[in-house]
Amino acid sequence: MHRLILATRNANKVTELRAILADAGLDVELVGADAYPEIPDVKETGVTFAENALLKAHALARATGHPAVADDSGLCVDVLGGAPGIFSARWSGTHGDDQANLDLLLAQLADIADAHRTAHFACAAALALPDGTERVVEGRLEGTLRHTPAGSGGFGYDPILQPLGDSRTCAELTPEEKNAISHRGKAFRGLVPGVRELLG
Ligand code: ITT
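Residues numbered from 1 in each chain as written. Predicted model: local features only at pLDDT ≥ 70, side-chain atom pairs only at ≥ 80, totals over all residues. Heavy atoms only, no water.

What follows concerns the pattern of salt bridges. This model, assessed by the stated rule, comprises 13 salt bridges. Measuring nitrogen to oxygen at the nearest pair gives 3.0 Å for the salt bridge that ties K56 to E44. Taken together, the residues span a long stretch of sequence, with K56 in helix α2 (residues 49–64) and E44 in the loop between β2 (28–32) and α2 at a distance of twelve residues. On the accessibility criterion, K56 (13% relative accessible area) is buried. Where E197 meets R135, a salt bridge forms, and the shortest distance between an N and an O atom there is 2.6 Å. Taken together, the residues E197 in helix α5 (residues 183–199) and R135 in strand β5 (residues 134–145) connect sequence positions 62 residues apart. What makes E197 exposed here is its relative accessible area of 52%. Through salt bridges with shared partners, a single network forms among R9, D34 and D41. (Salt bridge = Lys/Arg side-chain N within 4 Å of Asp/Glu carboxyl O. Helix = DSSP H or I, 4+ residues; strand = E, 2+ residues; numbered from the N terminus. Buried < 20%, exposed > 50% of the residue type's maximum accessible area, 1.4 Å probe, protein only.)

Here you go:
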């Protein structure tokens, strides 16, 4: 059985990709980056989601000698020209402060009417082999931004992103409902043919 490394310390992402690989009937042992605590995190120096996902996947594949998958994702707001984009996790200045990031974005958009509050979550998922072979797939979840947060599920900007065709925010969906339509779910599922092709 092939060992596949997922370049994240987020256990939810490992669970989600493991389920997608199992659904696809792929006999792969998926482990998170926590299995390799000695390998340092990679600097995300790319300027697109795809570049950052590829950087992380190649670094982990080289360091472990195993195929590696990585993702990079964020929220892209149309009226802000696609920002926060790759800066989503540190939009307020502090990496990973979800509440501060969300509060700042809502303040910036305070005067923007509903018709102009379109946005999408974007995710690039990359697969890299130790020999440098690579595949990358992108997924999106389109929606509109609420004026006030709603819901307690999920993370990040979930309480303000209402998917097109739904009356709830992402934070009001069950994890299964969100995975079925999410940018990350789409990108991970889109990567399955590449995993099958390259790992058999
Ligand atoms: P890693 O440790 O795997 O890198 P991360 O949380 O630092 O995870 P992500 O690439 O998953 O980075 O996401 C970057 C930011 O984009 C994240 O902090 C959120 O603010 C936002 N984001 C991405 N996906 C999201 C989602 O499904 N729901 C809400 N916010 C999301």
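Attention shifts here to the packing of helix α1 (residues 11–23) against α5. Contact geometry of α1 with α5 gives a least axis separation of 10 Å together with a crossing angle of 50°. Taken together, the axes of α1 and α5 lie oblique to each other. Crossing of α1 against α5: the hand is right-handed. Here K13, E16, L17, I20 and L21 of α1 lie close against α5, whose contacting residues are R184, G185, F188, R189, V192 and V195. Among the residues forming the contact of α1 with α5, the class breakdown is six nonpolar, one polar and four charged. (Axes fitted to C-alpha atoms, helices over the stretch in contact; angles between N-to-C directions. Parallel < 35°, antiparallel > 145°, perpendicular 65-115°, else oblique. Left-handed = near helix turned anticlockwise from the far one by under 90°. Contact = heavy atoms within 4.5 Å. Nonpolar A, V, L, I, M, F, W, Y, C, P; charged D, E, K, R; others polar.)

Here the focus is the sheet that holds β2. Strand order in the open sheet formed by six strands is β2-β1-β3-β4-β5-β6, with mixed pairing between adjacent strands. At either margin of the open sheet sits one strand with a lone partner, and together these are β2 and β6 (161–163). Strand-to-strand, the axes of this sheet are offset by a mean angle of 35°, without reference to chain direction. Sheet topology note: the β5/β6 ladder contains three bridges and is antiparallel. The residue bridging T144 from the neighbouring strand is Q162, located in β6. (Pairing = 2+ DSSP bridges.)

With that out of the way, let us pick up unusual backbone geometry. Looking along the chain, the bond that leaves A83 and enters P84 is cis, with omega of 0°. Of note, P84 is situated in the loop between β3 (68–77) and α3 (98–108).

In this model, α1 (13 residues) spans 18 Å end to end at C-alpha, consistent with the 18 Å of a helix rising 1.5 Å per residue. Residues K13, V14, E16, L17, I20 and L21 constitute the buried set of α1. In a view along the axis of α1, the buried residues occupy a sector of 165°, so they form one face of it. Opposite the packed face of α1, turned more than 90 degrees from it, sit the exposed residues A11, N12, A22 and D23. Elements in contact with the buried residues of α1: β1 (2–6), β2, β3, α4 (175–181) and α5. Taking the backbone nitrogen of N12 as reference, a side-chain oxygen 2.9 Å away marks N10 as the first, capping residue of α1. (Expected span 1.5 Å × (residues − 1). Arc of directions from axis to C-beta. Polar contact = N/O pair within 3.5 Å; in protein donor to acceptor, adjacent residues only side chain to side chain.)

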